[in-house]
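A structural walkthrough
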Amino acid sequence: MKLKTKLTYGIGILFAMIVALGLLSVKYISNLSADTRNILADNYKSLDYAKKMLYALENIQADTTNRQIFIENLERQQRNITEIDEEDATVKLARHFEKYKQDLNPVNLQHLRQDLHDIMSLNMASIHRKSEVAARTADRAMMWVYLVDISCILVALILLVVFPRRLVRPIQELTDGIMEIANRNYDKRLHFSSTEEFGKVALSFNNMAEKLTEYRRSTLADLLTAKKYVEAVVNSIHEPIIGLDKHRKVLFVNDEALSVLNLTRENILGKQADEVALKNDLLRRLVRELVQPNEKREPLKIYADNKESYFQANYLEMRVAHTGESEQQYVGDVILLKNITEFKELDSAKTVFISIISHELKTPISAILMSLKLLEDKRVGALNEEQQALSQSIRENSDRLLSITGELLKMTQVETGKLQLSPKITKPIELINYAINATRMLAERFGCNIEVDYPEEKMPKLFIDSEKIAWVVTNLLSNAIHYSKENSRIIVGAKKREGWLDIYVQDFGKGIDPRYHRSIFERYFRVPGTKVQGSGLGLAISKDFMEAHGGCIRVESEVGKGSRFIISFPIR
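Predicted model only: the values in this text are computed from it and were never measured. (Residues numbered from 1 in each chain as written. Predicted model: local features only at pLDDT ≥ 70, side-chain atom pairs only at ≥ 80, totals over all residues. Heavy atoms only, no water.)

This part is about the overall build of the protein chain. Within the protein chain, the regular secondary structure consists of 16 helices and twelve strands. Counting across all 572 residues of the protein chain, residues that qualify as buried make up 35%. Here the analysis covers contacts within the protein chain between residues at least 6 apart in sequence; of these, 63% occur between residues at least 24 apart. Summed over its atoms, the accessible surface of the protein chain is roughly 36,200 Å², and 56% of this surface lies on carbon and sulfur atoms. (Helix = DSSP H or I, 4+ residues; strand = E, 2+ residues; numbered from the N terminus. Buried < 20%, exposed > 50% of the residue type's maximum accessible area, 1.4 Å probe, protein only. Contact = heavy atoms within 4.5 Å. Areas by Shrake-Rupley, 256 points an atom, 1.4 Å probe, with all protein chains shown as cover.)

To continue, consider the environment of Pro514. Inspection of the secondary structure assignment puts Pro514 in the loop between β10 (500-507) and α16 (538-548). On a C-alpha basis, the gap between Pro514 and Val559 in space is 8.1 Å, while along the polypeptide they are 45 residues apart.

Now for the pattern of salt bridges. Within the structure shown, the criterion is met by twelve salt bridges. Where Asp274 meets Arg248, a salt bridge forms, and the shortest distance between an N and an O atom there is 3.4 Å. Placement of Asp274 in helix α9 (residues 273-277) and of Arg248 in the loop between β1 (241-245) and β2 (250-253) is noted, with a sequence separation of 26 residues between them. (Salt bridge = Lys/Arg side-chain N within 4 Å of Asp/Glu carboxyl O.)

Taken together, the side chains of Met142, Tyr146, Ile150, Ile153, Leu154, Leu157, Leu160 and Val161 present a nonpolar region at the surface, about 790 Å² in accessible area. In this fold, Val161 is placed in helix α4 (residues 106-182). Relative accessible area serves as the criterion here: at 41%, Val161 is assigned to the partly exposed category. (Patch = residues over 30% accessible without salt bridge, like charges linked within 9 Å, V, L, I, M, F, W, Y side chains within 5 Å.)

Our focus in this paragraph is the nonpolar core. Most often, soluble globular proteins keep nonpolar side chains buried together rather than apart. Residues Leu477, Ile503 and Ile567 are the most contacted members of the largest nonpolar core, which totals 40 residues. Considering each element in turn, this core owes the most residues, nine residues, to helix α15 (residues 466-482). (Core = buried A, V, L, I, M, F, W, Y, C linked by side-chain atoms within 4.5 Å.)

Alternating residues of strand β11 (residues 552-557) divide into Ile553, Val555 and Ser557, all buried, and Cys552, Arg554 and Glu556, none buried. Sheet topology places β11 next to strand β12 (residues 563-570); six bridges connect them, and they run antiparallel. Along β12, the bridge assignment pairs Arg554 with Ile566. Hairpin geometry of β11 and β12 is characterised by an intervening segment of five residues between the two adjacent antiparallel strands and by a positive phi of about 90° at Gly560. (Pairing = 2+ DSSP bridges.)

What follows deals with the packing of α15 against α16. Relative orientation of the contacting elements α15 and α16 amounts to 150°, with a least axis distance of 10 Å. You can see that α15 and α16 cross each other, and the crossing is left-handed. Between α15 and α16, the residues in contact are Lys468, Ile469, Trp471, Val472, Asn475, Leu476 and Asn479 and Gly538, Leu539, Ile541, Ser542, Phe545 and Met546, respectively. Here the contact of α15 with α16 is built from residues that sort into eight nonpolar, four polar and one charged. (Axes fitted to C-alpha atoms, helices over the stretch in contact; angles between N-to-C directions. Left-handed = near helix turned anticlockwise from the far one by under 90°. Nonpolar A, V, L, I, M, F, W, Y, C, P; charged D, E, K, R; others polar.)

Here α15 spans 24 Å end to end across 17 residues, near enough to the 24 Å set by a 1.5 Å rise per residue. The buried fraction of α15 amounts to 14 of the 17 residues, a majority that puts the element mostly inside the structure. (Expected span 1.5 Å × (residues − 1).)

With 17 residues, helix α3 (residues 86-102) should cover 24 Å at 1.5 Å per step; its first-to-last C-alpha distance of 25 Å lies within 8% of that length. Here α3 has its buried residues at Glu86, Ala89, Thr90, Leu93, Ala94, His96, Phe97 and Tyr100.

Attention shifts here to the sheet that holds β10. With mixed pairing, the five strands of this open sheet are ordered in space as β7-β9-β10-β12-β11. Edge strands, defined here as strands with exactly one partner in the open sheet, are β7 (449-453) and β11. Averaged over all pairs of adjacent strands, the angle between strand axes in this sheet comes to 15°, irrespective of strand direction. Direction of pairing for strand β9 (residues 489-497) relative to β10: antiparallel, over a ladder of eight bridges. When the bridges of β10 are listed, Arg497 appears paired with Trp500. Strand contacts of α15: β7, β9, β10, β11 and β12, with the helix running at about 170° to β12, the strand carrying the most contacts.

Pasting the structure below:
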């Protein structure tokens with residue numbers, strides 16, 4: 001049991017006994033008061049009435065008013081009967097008084113006096129009996145008060161004697177233990193109960209003694225050997241690696257990192273990374289991303305070994321459980337630079353390849369469309385129904401190929417950083433009208449009814465590349481048509497909110513599962529179960545176009561309730 005709990009119980013018992021003593025005193029005082037009130041309220045009144053009737057009886061012949069006094073006190077006595085035989089005596093008194101009124105002879109007078117003396121004797125005996133009850137009550141009160149008082153004194157003595165010893169003993173043991181440690185006796189241990197407050201102190205003391213014992217058993221040579229081993233392991237890693245403690249002091253750095261940072265070991269090891277970063281741009285960026293993590297970490301472009309290299313920075317927290325402790329504590333960070341030059345070159349080659357293929361595909365697709373147009377010319381000859389169906393199929397697939405190659409070309413522009421914007425002042429309604437006109441034929445083929453929700457209030461103009469943003473709105477509207485049922489509604493609109501202007505396209509199709517709301521803006525991603533054909537690039541390119549304008553694109557959708565795609569522009 002904890003010392004605090006024991007002290008609480010002891011003081012609580014003492015407090016309860018003091019309260020019991022007070023309640024007991026109040027109870028017996030109340031009982032004594034009630035006994036005294038009974039004597040005064042009941043028996044004393046009867047004696048007073050009897051005394052007044054006796055006096056009136058002695059002077060009843062001399063003064064006729066005494067008869068009325070006798071009658072009044074008799075009536076009061078009849079209402080104040082409190083003893084067992086008092087009622088019979090009062091009845092006898094009333095009967096003898098009636099006889100005396102009829103015949104004022106000495107015999108009847110003597111009977112009245114005797115009746116009054118009987119009433120007085122009954123009440124005097126009752127007073128004596130109640131006084132004895134009050135005396136016994138007082139004796140019991142004294143006895144219980146003495147017992148509770150003695151118990152309180154005993155509990156107080158126990159608290160006074162026992163608790164100081166309980167408190168001083170662990171302190172004395174702790175003092176002795178500290179003296180033993182000071183004398184280099186690191187095998188000293190404290191053994192307090194874990195339920196006591198000093199249990200935590202003993203645990204901390206024993207952990208300290210364990211660490212001191214461990215330190216004493218180790219040798220400087222062992223420490224140096226371990227240090228050399230760790231340095232060898234770090235230097236054997238072919239990726240640049242930097243170790244920092246929790247105060248961002250450089251603990252270790254391998255040769256690859258020194259080469260990339262263009263520093264010597266003496267210039268960085270054991271120094272604050274923040275101070276070294278003041279004169280080193282690469283280290284400054286690494287420390288900045290460590291302190292302020294950014295979700296979109298771009299690869300680092302570094303000129304090392306006479307060539308351009310790309311590195312991806314990874315930041316790893318170091319946590320260690322110290323000796324005698326189970327919980328791991330933060331002790332620093334490791335910065336690991338992964339060389340991704342090879343992957344970057346492959347990605348660049350892929351982008352160039354896609355760009356070349358897209359350009360090369362546009363020429364034969366255009367030739368196919370031109371030949372198809374000549375073939376459909378009625379001057380050459382009319383086509384039968386089967387030929388017209390084949391012609392329509394060729395046109396649809398050619399248009400699809402042309403759309404995909406266009407999207408691939410736009411994607412390569414974004415990836416290579418060659419995306420150029422030609423901004424001009426544009427009204428939002430112009431973008432909406434362009435998209436509606438561009439998809440009119442598609443909407444008619446699918447039987448979709450496009451509604452425009454444009455506010456009557458004056459909308460702010462946008463300074464944007466209208467061609468690219470019109471392509472975004474058209475792409476969203478085309479998707480809405482493809483994913484809507486026949487004869488369904490599609491709403492295209494714009495609205496202004498605080499600091500932003502939104503253009504949205506809303507359909508009432510099957511909707512998109514919330515799990516895929518972020519993934520649909522990634523390249524080549526297709527929602528599982530989607531039957532509509534597409535390249536998976538449209539939304540990714542739309543996102544790149546919007547971010548290039550400082551805006552954003554998002555989706556609001558629930559399964560079975562349709563989707564709303566929103567592009568937002570900051571109002572400047």
